[in-house]
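An overview of the molecular structure
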Amino acid sequence: SKKESEEYGKESKKESKKESEEYGKESKKESEEYGKESKKESKKESEEYGKESKKESKKESKKEGTSDHPDDEKTRSLLDDSERLEKKESKKELEEYGKASKKASKKESDEYGKESKESEEHGKESKKESKKESEEYGKESKKESKKESEEYGKESKESKKESKEAKKESEEYGKESKKESDDPKGDDKDKKDKKDKKNKDKKEKKKKEKKHRKRASPSRSSASSPEAEDPATPAKEDKDAESQVGGASPDAKKKKTNEERAKKDSGGEEDDVKENHEEAEDAVEMLNFREFLDELPEEIDPSVAVEKYSQYQIAYKAEQERRVHERKERERRNAAKNAELLKGTGLFFDTYHPLAKVRSFDLRVGLAVRSAQGFVEAFNAGKFKNCHFRAPENSVFRAAGDHCKIPGGYQEPHFAINPDLDCVTIHNVPLAISVWQLVDQISEFGFSALACTAPDKGLARNIKVRFGSGAQARACLHAFSNFPEPLNKLRAALMATSCEDLQATLVPPIAARAEEMEKDMTMSAIIIRGFGDRFGLPPILFEPILAAEGQVEEKLDLQILYLRLVHNFCFYSAEWCDDVWSLHAKSGAVALRTVKVEQAYAAAGGAWRLRQQATLQALIAALNAFKVIPGQEDDNNKTNNVDGDEGKGGVEALSLSPLALSFAKRFVRPEIPKSDEDPSASKIVEKIAEYKEQLEPNKFKCKKCSKLFKGDDFVAKHIRKTHVDILDAAHQEVLLEAARTAYLEDPPASWHLEGIVLPEAA
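Within each chain, residue numbers correspond to sequence positions counted from 1 in written order. Totals for whole chains, interfaces and linings use every residue, but because this is a predicted model, local features are given only for residues with pLDDT of at least 70 and side-chain atom pairs only at 80 or more, for both listing and counting. Hydrogen atoms and water are omitted, and side-chain values are computed over all heavy atoms in the structure.

**Quick word on the overall build of the protein**
What counts is decided by this rule: A run of DSSP states H or I qualifies as a helix once it reaches four residues; a run of E qualifies as a strand once it reaches two. Both are numbered from the N-terminal end. We call a residue buried when its accessible area falls under 20% of the maximum for its residue type, exposed when it is over 50%, and partly exposed in between, using a 1.4 Å probe and counting protein chains only. We call two residues contacting when some pair of their heavy atoms lies within 4.5 Å. Note on areas: Shrake-Rupley, 1.4 Å probe, and residue coverage restricted to the protein chains presented here.
When you go through the protein residue by residue, the secondary structure sums to 23 helices and 14 strands. Looking at the protein as a whole, 31% of its 762 residues qualify as buried. Considering only contacts in the protein between residues 6 or more positions apart, those separated by 24 or more positions represent 73%. Of the roughly 50,300 Å² that the protein leaves accessible, carbon and sulfur atoms contribute 50%.

**Describing unusual backbone geometry**
Geometrically, the link from Glu412 to Pro413 is a cis peptide bond, its omega value of 10° lying close to zero. Checked against the element boundaries, Pro413 lands in the loop between β2 (403-406) and β3 (423-429). For the bond from Glu485 to Pro486, the omega torsion is 0°, close enough to zero to count as cis. The phi torsion at Asp422 lies on the positive side, around 55°, for a residue other than glycine. Residue position: Asp422 is located in the loop between β2 and β3. The backbone of Asn428 shows a phi angle near 50°, a positive value even though the residue is not glycine. Along the chain, the position of Asn428 falls in strand β3.

**Structural notes on the packing of helix α15 (residues 514-534) against helix α17 (residues 552-567)**
Basically, it comes down to this: Comment: axis = line fitted to C-alpha atoms, over the contacting stretch for helices; angle = value between 0 and 180 degrees taken between N-to-C directions. Helix crossings get a hand from a simple test, with the near helix turned counterclockwise from the far one by less than a right angle marking a left-handed crossing and a clockwise turn marking a right-handed one.
At a closest axis distance of 9 Å, the pairing of α15 and α17 adopts a crossing angle of 35°. Judged by the twist between their axes, the crossing of α15 over α17 is left-handed. Contacts from Met517, Glu518, Asp520, Met521, Ser524, Ala525, Ile527, Ile528 and Phe531 in α15 reach Val552, Glu553, Lys555, Leu556, Gln559, Tyr562, Leu563 and His567 in α17.

**Some thoughts on the pattern of salt bridges**
Rule in force here: A pairing counts as a salt bridge when a side-chain nitrogen of Lys or Arg comes within 4 Å of a carboxyl oxygen of Asp or Glu.
In the structure shown here, the tally under the stated rule is 19 salt bridges. Between Glu553 and Arg390 there is a salt bridge, with the nearest N and O atoms lying 2.9 Å from each other. Residue Glu553 is found in helix α17, and its partner Arg390 is found in the loop between α12 (354-380) and β1 (396-397); the two are separated by 163 residues along the sequence. Asp520 is paired through a salt bridge with Arg609; the nearest N and O atoms lie 2.8 Å apart. Note that Asp520 is positioned in helix α15 and Arg609 in helix α19 (residues 604-624), a separation of 89 residues in sequence. When its relative accessible area of 5% is taken as the criterion, Arg609 is described as buried. Bridged by salt links that share partners, the residues Glu319, Arg322, Arg323 and Glu326 form one connected network.

**Observations regarding the nonpolar core**
Generally speaking, a soluble globular protein has its nonpolar side chains buried in company with each other. Rules: What is meant by a nonpolar core is a set of buried Ala, Val, Leu, Ile, Met, Phe, Trp, Tyr and Cys residues, joined one to another through side-chain atoms within 4.5 Å.
Counting 67 residues, the largest nonpolar core has Ile406, Ile527, Tyr562, Phe571 and Tyr572 as the members making the most contacts within it. If we skip the residues at most four places from it in the chain, Tyr572 touches Val507, Ala511, Asp520, Leu556, Ile560, Ala591, Arg593, Trp608 and Gln612. With 24 residues, the next largest nonpolar core counts Leu438, Phe445, Phe447 and Ala479 among its residues.

**Remarks on the packing of aromatic side chains**
Each aromatic ring pair is summarised here by two numbers: the centre-to-centre distance and the angle between the ring planes. Note the following rule: In summary, the pairing rule links any two rings of Phe, Tyr or Trp, Trp by its six-membered ring, whose centres are within 6.5 Å, and it sorts them by plane angle into stacked for under 30 degrees, edge-to-face for over 60 and tilted for everything else. Throughout this description, the term charge over a ring refers to an Arg CZ or Lys NZ atom that lies within 6 Å of the ring centre and within 35 degrees of the ring normal.
Tallied over the entire structure, the rule returns 24 aromatic pairs. With a centroid separation of 5.8 Å and 55° between ring planes, the pair formed by Phe348 and Tyr743 is classed as tilted. Residue Phe348 is located in helix α11 (residues 346-352), and its partner Tyr743 is located in helix α23 (residues 724-745); the two are separated by 395 residues in the primary sequence. An aromatic cluster is defined as three or more aromatic residues linked by ring pairs; in this entry it consists of Phe361, Phe531, Phe535, Phe569, Trp576, Phe663 and Phe667. The side chain of Arg370 reaches across the aromatic face of Phe447, ending 5.8 Å from its centre.

**Section: α12**
For the α-helix, the turn length of 3.6 residues means that residues three or four positions removed from each other point alike. The condition is simple: Expected span of a helix: the number of residues minus one, times 1.5 Å.
Between its first and last C-alpha, α12 extends 39 Å over 27 residues, near the 39 Å set by a 1.5 Å rise per residue. Looking only at α12, the buried set comprises Pro354, Ala356, Val358, Phe361, Val365, Leu367, Ala368, Ala372, Phe375, Val376 and Ala378. Tucked into the core, α12 has its buried residues touching α11, α13 (435-442), β4 (447-452), α16 (543-546), α17 and α23. Two residues or fewer after α12 comes Gly382, characterised by a positive phi angle close to 80°.

**Considering the pairing of β3**
Note the cut-off: Strands are labelled as partners when DSSP assigns at least two bridges between them.
For β3, a buried count of five out of seven residues is recorded, marking the element as mostly surrounded by other parts of the structure. Two elements, β3 and strand β5 (residues 461-467), share five bridges in a ladder whose sense is antiparallel. Considered in β5, the bridge of Val429 is made with Arg461. In terms of strand pairing, β3 meets strand β6 (residues 491-494) through four bridges, oriented antiparallel. Bridge pairing links His427 to Arg491 in β6.

**A few points about the environment of Glu6**
Along the chain, the position of Glu6 falls in helix α1 (residues 2-66). Using a relative accessible area of 43% as the deciding quantity, one classes Glu6 as partly exposed. Along the backbone, Glu6 and Glu135 are 129 residues apart, and their C-alpha atoms lie at a distance of 8.1 Å.

**Focus on the side chain of Asp422**
The condition that has to hold: None of His or the chain ends enter the tally, which takes Lys and Arg as positive and Asp and Glu as negative. Here a polar contact means two N or O atoms within 3.5 Å. Within protein one must be a hydrogen donor candidate and the other an acceptor candidate, and residues neighboring in sequence count only if both atoms are side-chain atoms.
Lacking a salt bridge, the buried Asp422 has Arg466 as its closest oppositely charged neighbour, with an N-O distance of 5.3 Å. In this structure the side chain of Asp422 is engaged in a polar contact, spanning 3.4 Å, whose partner is the backbone nitrogen of Gly470. When neighbours within four sequence positions are excluded, Asp422 is seen to be in contact with Val465, Arg466, Phe467, Ser469, Gly470, Ala473 and Ala496.

**Topic: the confidence of the model for the protein**
Worth spelling out the cut-off: Scored from 0 to 100, pLDDT reflects the predictor's confidence in each residue.
Mean pLDDT over the protein stands at 75; residues scoring 70 or higher make up 64%. Taken together, the stretch residues 183-187 has pLDDT below 50 and engages in three contacts with residues farther than four places along the chain or on a different chain. For the stretch residues 628-641, pLDDT sits under 50, and the model shows 27 contacts to residues farther than four places along the chain or on other chains.

**Remarks on the sheet that holds β3**
Read across the open sheet, the four strands follow the order β4-β5-β3-β6; overall the sheet is antiparallel. Each edge of the open sheet is held by one strand with a lone partner, namely β4 and β6. On average, each strand axis in the sheet is inclined to that of its neighbour by 20°, with strand direction left out of account. Here helix α14 (residues 470-478) sits on the sheet and contacts β3, β5 and β6; the angle it forms with β6, its principal contact strand, is near 160°.

Next up, the structure:
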């Protein structure tokens, strides 16, 4: 259609150009011929006029010559003079007439030339119009061809399905005909033919009904898939990708080599995708008994039909289980391939490596200690005297999630903070870089909060770092250029530089009752003390807050503020988050108690209170579950065993609810496999065995330094103390294997590796 439109435009251009040129030539010829004819006519008229004047003068002279007048000579001379004058006058008249005719012919030729110019402009306009028409024709032809291709694709799919159905019906019909031919006690041929005709008519009716349904409501896959909308786009995209890769840019070549390497390493991945598509096409819902009966002959016995349907159900369930098993097996293989590709990246280390989990826990505890120190100092200085969490008088609770505006900037009475204030954001951190590389560089500037966003489509992340002051944030921002590569190439910027109004969440009036506030004061004190004990905070960092003097409301609001600023815990929404940004997104800047409520929403307060109290009770149960079991009273028993195996020490979590157990796991510091008794450290034992050699029953040798020992244990101790490098490499393999196992247990569905350039080395 594009070629036809271009050819049509070219032909219309040529035709309009030819017509304008021919029209100009014809106009020029006509003007020249008209000028020549006007000249000839004027010349003829002047000559005829002269001849006639001569003849008349001669006639008059002859008449006068014959007269007998005495003064003939005088009269002749006078006549001669008059003839001369008449000749002069006739000559002048002829010249004036010629000039006038010339002017008239010139005007006419000019007007004709103007008309020829107008014809040329008309030709140009016709060219433009023909061009527009050709472009519109091309667009319309494209749309029509696209629609036709889509309709053709739909029709081809329908024809495929119809052919499958026809094939099934033909097979069933062949089986039935075989049975009937083998059965010697069959009915007459006429009866069989009639029954066959009836069955065929019924099947044809069902086919027509199915076709009509398909046309009325097309399938989701055909409507939503981009290939059905434009079948030409995938091929174009592939060609564009090939042309880009084939260029001279090294990044594109590197990308192509990485993709080829990934394809080689993941042999058969395209086959898995094809199998998934085939399964999606072949997946059919199980027929109900009525639909199953339609597929059987009419004369079948009901008991036989029931038995066949039960067999069909068993076979269908077995087929579905087989497909689920195959899908899980493919997912497991793909996860193993992706783990091999990602194991050298910072993203993989931050998410699954045991060392990263330990560092994350220790960082959370360290930031809590730092925040608690600042809070206690501000409390001792009398900063929180006017703190309260009462909503403004005009605030009315209507429904859960209502908000009101409050001033930000850590001001009284609510002391709400904007988490983006004094915050530096590092944008698009690639998957090769670990968060802990940045933490090691920015730790000297004294940050108070850190968070990392989830990976995007390119597996890049944004890292947010909040500092205690704007000066610290700016100092960290200026120091980025001095960081080692590739950290100095990252893009960092300040998020907010001014205090703005914030959104506070409104709480139902039930929380403002005196008896409820007294309960909340007791529960918040238990939670503060439990957080301090579990995270190892010194009592000096939370006991002064619990021992503060004042009324119930004052003490409650001080404890709520402490939980929010130190532990990122909102008491009224019962949300415990890892960072201040998540807490701000889930529960607002602060939670304020209201006094007024609309009558229609009065019952909502009771339901909210039940949910809040249930969550707080689960958290308190998780805190109380951390008891040291007699037998091993060491420092690690407080946090190391969530399951609470008897005799090993740890957490008594046998009677915890799922919510309480999820809270309890967040108090446990992750373990790193170290001892030989740990099954995950078997590689260390194997590594030690590689460097041991038994020469005699009581004589052993170290292969690394050739020293001799009397027993096996002495060689192992020698290798652990002297040859640490051997065990370090083995220990790293153990940790990497633990990270790989964690990835395979729960591979993230949002991590897509298609088109991503992976680092060549860890």
